[in-house]
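Okay, here's what each chain looks like letter by letter:
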Amino acid sequence: MSRGFRDADETQAMSDQAVADQIERILDRGRDDISVASAEGRCVDCGDEIGQERLMALPSAVRCVRCQAGWEKGPGR
Ligand SMILES: [Zn+2]
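Caption draft 1: Up close: the pattern of salt bridges. Here the structure, examined in full by the defined rule, presents three salt bridges. Among the ionic pairs, Glu49 bridges to Arg42, the shortest N-O distance being 3.8 Å. Looking at Arg42, the relative accessible area reads 42%, which means it is partly exposed.

Caption draft 2: Structural view of the coordination of the zinc ion. Listed as protein donors to the zinc ion are Cys43 (SG), Cys46 (SG), Cys64 (SG) and Cys67 (SG); their distances from the metal cover 2.3 Å. Each of the four donor atoms around the zinc ion contributes to a set of angles spanning 103 to 116°, which defines the coordination as tetrahedral. Mapping the donors of the zinc ion onto the primary sequence gives the spacing C-x2-C-x17-C-x2-C. Here the residue Cys43 occupies a position in the loop between helix H1 (2-40) and helix H2 (52-57), and Cys67 occupies one in helix H3 (residues 65-73), the gap between them amounting to 24 residues. Classification of Cys43 by relative accessible area gives buried; the value is 4%.

Caption draft 3: Main features of the nonpolar core. If you look at the biggest cluster of nonpolar residues, it comprises six residues: Cys43, Ile50, Leu55, Ala61, Cys64 and Cys67. Discounting chain neighbours no more than four positions away, the residues touching Ala61 are Ile50, Arg54 and Leu55.

Caption draft 4: Structural detail: the side chain of Arg63. Inspection of the secondary structure assignment puts Arg63 in the loop between H2 and H3. Side-chain polar atoms of Arg63 contact the side chain of Asp45, separated by 3.2 Å. Beyond its immediate chain neighbours, meaning those up to four positions away, Arg63 contacts Cys43, Val44, Asp45, Ile50, Arg54, Gln68 and Trp71.

Caption draft 5: Highlighting H3. Turning to H3, its buried residues are Cys67, Gln68 and Gly70. Take H3 and look down its axis: the buried residues cluster within an arc of 165°, on one side only. In this structure, H3 carries Val65, Arg66, Glu72 and Lys73 as exposed residues pointing more than 90 degrees from its buried face. Where H3 is buried, its residues meet H2.

Caption draft 6: Layout of a nonpolar patch on the surface. Judged by side-chain polarity, Val19, Ile23 and Leu27 come together as a nonpolar surface patch covering roughly 260 Å² of accessible area. Accessibility expressed as a relative area gives 48% for Leu27, which makes it partly exposed.

Parameters at a glance
Residues numbered from 1 in each chain as written. Predicted model: local features only at pLDDT ≥ 70, side-chain atom pairs only at ≥ 80, totals over all residues. Heavy atoms only, no water. Salt bridge = Lys/Arg side-chain N within 4 Å of Asp/Glu carboxyl O. Buried < 20%, exposed > 50% of the residue type's maximum accessible area, 1.4 Å probe, protein only. Donors = N, O, S within 2.8 Å, 3.2 Å for Na, K, Ca; no water. Tetrahedral: all angles 85-135°; square planar, octahedral: opposite > 155°, others 65-115°. Helix = DSSP H or I, 4+ residues; strand = E, 2+ residues; numbered from the N terminus. Core = buried A, V, L, I, M, F, W, Y, C linked by side-chain atoms within 4.5 Å. Contact = heavy atoms within 4.5 Å. Polar contact = N/O pair within 3.5 Å; in protein donor to acceptor, adjacent residues only side chain to side chain. Arc of directions from axis to C-beta. Patch = residues over 30% accessible without salt bridge, like charges linked within 9 Å, V, L, I, M, F, W, Y side chains within 5 Å. Areas by Shrake-Rupley, 256 points an atom, 1.4 Å probe, with all protein chains shown as cover.

This is how it looks when you write it as structure tokens:
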């Protein structure tokens, strides 16, 4: 009779572990993105430093302000 309760507990524990693993993986991915961006710190177009202030405001920035402005205008320059 008590066996049914124990099985339920084990199932609950397993799904808790699965959720914890998933959260861990998502957090790891986020950390990777941030460390890659800050390790680069250089414009992918001209190779100049993007600048600390710009990276602080936009950690995912991959272009300096000048290249970003040109890039946003599009290829029809
Ligand atoms: Zn640039």
